[in-house]
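Chain by chain, the residues:
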Amino acid sequence: MFIQDRDASRRLFLEVWRKYRDKATLEPLEEIVAQVILAHPEYHGVLEDEECALTSEYPVEGGKTNPFLHMAMHVAIREQLLVDRPPGTIAIYHARLRSLNDPHALEHRMIECLGEILWTAQRNNRLPDEQAYLDCLHKI
């Protein structure tokens, strides 16, 4: 799920939530998004108010988690696991899952690594360092 436009990304979550509630058929990516939404009941209220969802700001300084960014990171992790990108991600995931025994908590730890790697890449105006990401995952 690579969407650079904030509103388009938010609309995707809103549309998937609507389709899920209406019991409409979901595309494969939408199914992943729906599962992420279902794993985050604390964000369901946000998805119920489309106008608020599209206009709300979540500045880091405010101390509130951006629900759309958070859920998008879960989707990104699940997509990585579907295609083993970067190579080795699936093996690390399964190894860590044996000790953590909580897929959602493990995804949160992976999100921390992904966020750090993406922030560094953006700051340095470079592509994300896949090896640094894998190294971070190994430390979980």
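Scope of this entry: the structure provided in the associated data block. (Residues numbered from 1 in each chain as written. Predicted model: local features only at pLDDT ≥ 70, side-chain atom pairs only at ≥ 80, totals over all residues. Heavy atoms only, no water.)

1. Comments concerning the overall build of the protein chain
Counting its secondary structure elements, the protein chain contains eight helices and zero strands. N-terminal to C-terminal, the α/β element order of the protein chain is α-α-α-α-α-α-α-α. Here the C-alpha coordinates of the protein chain stretch approximately 40 × 35 × 25 Å along the principal axes. Within the span of the protein chain, comprising 140 residues, buried residues form 38% of the whole. In the protein chain, of all internal contacts separated by at least 6 residues, the share reaching a separation of at least 24 is 61%. (Helix = DSSP H or I, 4+ residues; strand = E, 2+ residues; numbered from the N terminus. Buried < 20%, exposed > 50% of the residue type's maximum accessible area, 1.4 Å probe, protein only. Contact = heavy atoms within 4.5 Å.)

2. Observations concerning helix α5 (residues 67-83)
Side chains three or four residues apart in an α-helix point the same way, a direct result of the helix having 3.6 residues per turn. In a regular helix each residue adds 1.5 Å, so 17 residues correspond to 24 Å; α5 covers 25 Å between its end C-alpha atoms and thus fits that length. Regarding α5, the residues found buried are Pro67, Phe68, His70, Met71, Ala72, Met73, His74, Val75, Ile77, Gln80 and Leu81. Where α5 begins, the side chain of Asn66 points an oxygen toward the backbone nitrogen of Phe68, at a separation of 2.9 Å. Within two residues after α5, Asp84 carries a phi angle of roughly 50°, on the positive side. (Expected span 1.5 Å × (residues − 1). Polar contact = N/O pair within 3.5 Å; in protein donor to acceptor, adjacent residues only side chain to side chain.)

3. Remarks on helix α2 (residues 28-38)
For α2, every residue scored as buried is listed here: Glu30, Ile32, Val33, Ala34, Val36 and Ile37. For α2, the elements touching its buried residues are α1 (6-21), α3 (44-48) and α5.

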